[in-house]
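Reading the structure
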Amino acid sequence: QGDWSSDVCSSDLSIPLLPLRDVVVFPHTVIPLFIGRKSSVNAITQAMEADKNVFLVTQKDETIEEPNNEDLHKVGTLATILQLLKLPDGTIKVLVEGIKRAKIEEFVDLKEHTEVILSECFLRQEAASEIKAMMRLALENFEKYIKFSKKIPEEVYKVLKEITDIERFSDVIIANLNLKVEEKQALLESGLAKDRLETILSILEGELDVLGAEQKIQSRVRKQMESNQRDYYLNEQMKAIQKELGDGEGGEDETSELEELVRNTKFSKEAKEKAEGELKKLRNMSPMSAEATRSEERRVGKEC
């Protein structure tokens, strides 16, 4: 846990509570949310009538339809509602922006919804030079991650380059990583800047390793496909050339006869493999090649 203070979040001010099923919202990020539970709709309505602030906290178990206070994590994000849209099915779509991390100090259970009294939490920073080095390394790895994944706009990196505040810097990176809910919750609750950055670096290095391996596999598969396609087109061109040279049906008949002869003759395993190999070569050979001509001559001589 981090350092907690009630100076910023007034002890006599309660904020409407909005439990989240399968998402963790971080400060300095904007995210759309779909609200359907009656108590949550009431909390949003109350927030819109007041200062548009709402406290977002994730459920411990997303399958619970109506979570009790004990079913919620204590650390979440104070957010402000930017937009609200009522949908025809009765649900509400809201666009929220995270403002700051906070911890629930007290639940205020009202008739239609629940509100909470909060204390703000901060990242403890130690060893400034080490923190600065870790931020620089995290920025470099995040740039590589963006180039590999191609799912994150480059504008995010440009914004990140200008951020010097460690908490905001780490919030932006975490919000753009593909993590499980429990992993994001653990990072949201992290109290030491060094620990949070170490976790971010570890995650980025792991993601880069996986993305690099995926790229190598895709490259190998692409080359194999291109090779197979090239062989297919060459074979098709060979057939077309043979047909133009007058080796249409006649060549096919001769090959078929030889295949039947090999099939009906009792060979040793090695002799049969050799015969089948020669047949394969003959099948792919141009009828005008020297070896094909000699084969034809031997066949004619035998029949005479």
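Here the structure is shown first, and the text comes after it.
Note that the structure is predicted; figures quoted are calculated from it, not measured.

Rules of the game
- Residues numbered from 1 in each chain as written.
- Predicted model: local features only at pLDDT ≥ 70, side-chain atom pairs only at ≥ 80, totals over all residues.
- Heavy atoms only, no water.
- Helix = DSSP H or I, 4+ residues; strand = E, 2+ residues; numbered from the N terminus.
- Expected span 1.5 Å × (residues − 1).
- Buried < 20%, exposed > 50% of the residue type's maximum accessible area, 1.4 Å probe, protein only.
- 1 Å grid on protein atoms, 1.4 Å probe; cavity = no way out; pocket = protein on both sides within 12 Å on 5 of 7 lines; lining within 4 Å.
- Points joined across faces, edges and corners; volume = space filled by probe spheres on them.
- Nonpolar A, V, L, I, M, F, W, Y, C, P; charged D, E, K, R; others polar.
- Pairing = 2+ DSSP bridges.

Here we take up helix H2 (residues 128-149). Compared with the 32 Å implied by 1.5 Å per residue over 22 residues, the 31 Å span of H2 between its first and last C-alpha is a close match. Those residues of H2 lying buried are Ile131, Met134, Met135, Ala138, Leu139, Asn141, Phe142, Tyr145, Ile146 and Ser149. Residue Lys150 follows H2 closely and has a positive phi angle near 60°.

Bringing empty space enclosed by the protein into the picture now. If you walk through the whole model with that rule in mind, you get one cavity of 30 Å³ or more. For the lining of the largest cavity, the elements supplying multiple residues, two or more each, are strand S4 (53-58), strand S5 (75-86) and helix H5 (181-189). Per-class residue counts for the lining of the largest cavity are seven nonpolar, four polar and no charged.

Of all nine residues that make up strand S7 (residues 114-122), eight are buried, and the element is covered over most of its length. Bridge count between strand S6 (residues 92-109) and S7: seven bridges; the pairing is antiparallel. If you follow Ala102 over to S7, its bridge partner there is Glu120. Linkage of S6 to S7, two consecutive antiparallel strands, is achieved through a turn of four residues.

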